[in-house]
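# Secondary and tertiary structure notes
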Amino acid sequence: MGHTEGRATEPEPRSEEATAPDEEARADGTDTTRPDREATVPATDTDTDATRAEPEGQSDPAPPRRRRWRWVRRAALALVLALLLPLLAAETALRVNYSGDPVDGARTRGRDAIWLGHAWVDGRKTDADVAALAEQLGGTGIRDLYVHAGPLEHDGTLPASAYRNARRLIPAVHRALPGVRVQAWLGDVLATESPDGLRLERARTRAAVVASTRQILAAGFDGVHFDLEPLHSGDRNYLALLDDLRALTRAHHVLLSVAAHQIDPLPAFHSLWGTLVGHPKWWSQAYFGQVARRVDQIAVMSYDTMQPLQSLYGGYVAQQTSLALEVTPPTTDLLMGLPFFHENRFGHRASAETVPAAARGVRLGLSRTDADRARFGVALYVDFAATEADWTAYRKGWVRP
């Protein structure tokens, strides 16, 4: 489970002008310097009574302004420290989390997956492309293909034209890659943070999603994989939809899988982030477990993490792996996402979120939490953005490290 900062120059505090002390006062030992007020310069012949005299009862405005400025600076410093210290502590913990060595058995279990783009079902890909894919996947642990067959319309319906080449693709994959399953990847933008999108709170929309799933399974897919975003933690309507979908997929003896948001790196962090920026992003660990118990597969979108360094990103992935393992039942396949794409934008730095860092993080989290977990793997996002270096890193870092 995403995402410039400017810094104003802080004004220097105002300093008092140095003034010459009165000679007569200095002679008798009297200190004429007043730290809380401006000193006065002895009058000259050109001074008038009006310029020498200070109106009775009127105080010098400078000291209150200085005091207010000091309070502003102190408050700003306190705010910066309140924000930075927890962040530094959390980042330090991630760096420590990236240390150590994974156990020898922390590697593929033959349950990995990859997200494939829409070109595979709209007629652009040919049998030659299927043969090339089969060669690319040879000797890896990939068992499931999430083939983009949507998106859903905002009302939950799905036009058949969106996956018009599916009936040709699926048998071709089965011939070229025996044992590999082809799942229909469906999704849409949810109307959780904008007025436009699919609305899960509407019963008729959820019913339409179920009908669309029934429709696409008739095309021969081995399962259906849902990616609905942004999905807020605790959404009961999503759980209700999964219950209905699970009944349908079980009746058809096919898989139900979902792409999942990341888990709170700190308790209730999604609530804090949602209050600050209006986008909760993370799920609570408890909600992640509720979703995992309703599906056959759950794939964590463990990228777009806002981490600036490979070591911090790898430590974050290790933490996410452990958090997910703790609440995913052993009967559900848990997959951790690997970033097979290269973008630089808010929330994602390509030089930090690399396949080697992610693969090492996954192995560390698995080693520490449930090293013997059988139903576990990684999911590669996404085929059309992947480089040969990504595939090499996946093989070296996870398939046969």
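Here's what I pulled together on the structure shown here.

The rules we used
Residues numbered from 1 in each chain as written. Predicted model: local features only at pLDDT ≥ 70, side-chain atom pairs only at ≥ 80, totals over all residues. Heavy atoms only, no water. Axes fitted to C-alpha atoms, helices over the stretch in contact; angles between N-to-C directions. Helix = DSSP H or I, 4+ residues; strand = E, 2+ residues; numbered from the N terminus. Parallel < 35°, antiparallel > 145°, perpendicular 65-115°, else oblique. Left-handed = near helix turned anticlockwise from the far one by under 90°. Contact = heavy atoms within 4.5 Å. Nonpolar A, V, L, I, M, F, W, Y, C, P; charged D, E, K, R; others polar. Phe/Tyr/Trp six-rings, centres within 6.5 Å; stacked < 30°, edge-to-face > 60°. Buried < 20%, exposed > 50% of the residue type's maximum accessible area, 1.4 Å probe, protein only. Lys NZ or Arg CZ within 6 Å of the ring centre and 35° of its normal. Pairing = 2+ DSSP bridges. Right-handed = clockwise from strand over helix to strand, strands pointing away.

The geometry of helix α9 (residues 285-292) relative to helix α10 (residues 310-327) is characterised by a closest axis approach of 8 Å and an angle of 55 degrees between their N-to-C directions. With respect to their mutual orientation, α9 and α10 come out oblique. Judged by the sense of rotation from one axis to the other, the crossing of α9 with α10 is right-handed. Each of Gln285, Phe288 and Gly289 in α9 lies in contact with α10, whose residues at this interface are Leu323, Ala324, Glu326 and Val327. Each residue belonging to the contact of α9 with α10 can be placed in one class, and the counts come to 4 nonpolar, 2 polar and 1 charged.

Evaluation of the coordinates by the stated rule reveals 13 aromatic pairs. For the ring pair Trp115 and Tyr146, a centre distance of 5.5 Å and an interplane angle of 55 degrees mean the geometry is tilted. Within this pair, whereas Trp115 is found in strand β1 (residues 112-116), its partner Tyr146 is found in strand β2 (residues 142-148), the two being separated by 31 residues in sequence. Accessibility expressed as a relative area gives 2% for Trp115, which makes it buried. With 6.5 Å between their ring centres and 50 degrees between their planes, Tyr238 and Trp283 make a pair best called tilted. Taken together, the residues span a long stretch of sequence, with Tyr238 in helix α7 (residues 236-251) and Trp283 in the loop between α8 (269-277) and α9 at a distance of 45 residues. The pair Tyr238 / Trp283 is uniform in exposure class, with both members buried. Each residue in the set Trp115, Tyr146, Trp185, Tyr303, Phe341 and Tyr381 is aromatic and connected to the rest through ring pairs, giving one cluster. The cationic tip of Lys281 hangs over the ring face of Trp282; the distance from NZ or CZ to the ring centre is 5.7 Å. One cation-aromatic arrangement involves Arg360 over Tyr98; the distance from NZ or CZ to the ring centre is 4.9 Å.

The 8 strands lie next to each other as β1-β2-β3-β4-β5-β6-β7-β10, forming a closed barrel whose pairing is parallel. Taken over all neighbouring pairs, the strand axes of this sheet differ in orientation by 25 degrees on average, direction set aside. Bridging between β1 and β2 involves 5 bridges; their strand directions are parallel. If you follow Leu116 over to β2, its bridge partner there is Val147. In the packing of α10 onto the sheet, contacts are made with β6 (297-300), β7 (333-339) and β10 (376-381), and the angle to β7 comes to roughly 165 degrees.

Attention shifts here to the pairing of strand β5 (residues 255-260). Both faces of the sheet carry side chains from a regular strand, because those side chains alternate between them. Most of β5 sits out of view: 6 of its 6 residues are buried. Neither face of β5 is open: one carries Leu255, Ser257 and Ala259, the other Leu256, Val258 and Ala260, and all of them are buried. Summarising the sheet, strand β4 (residues 223-229) and β5 pair through 4 bridges and their orientation is parallel. Across the sheet, Phe226 pairs through a bridge with Val258, a residue of β5. Since β4 and β5 lie parallel, the crossover through α7 that links them has a hand, and here it is right-handed. In this structure, β5 lies alongside β6, joined through 4 bridges in parallel fashion.

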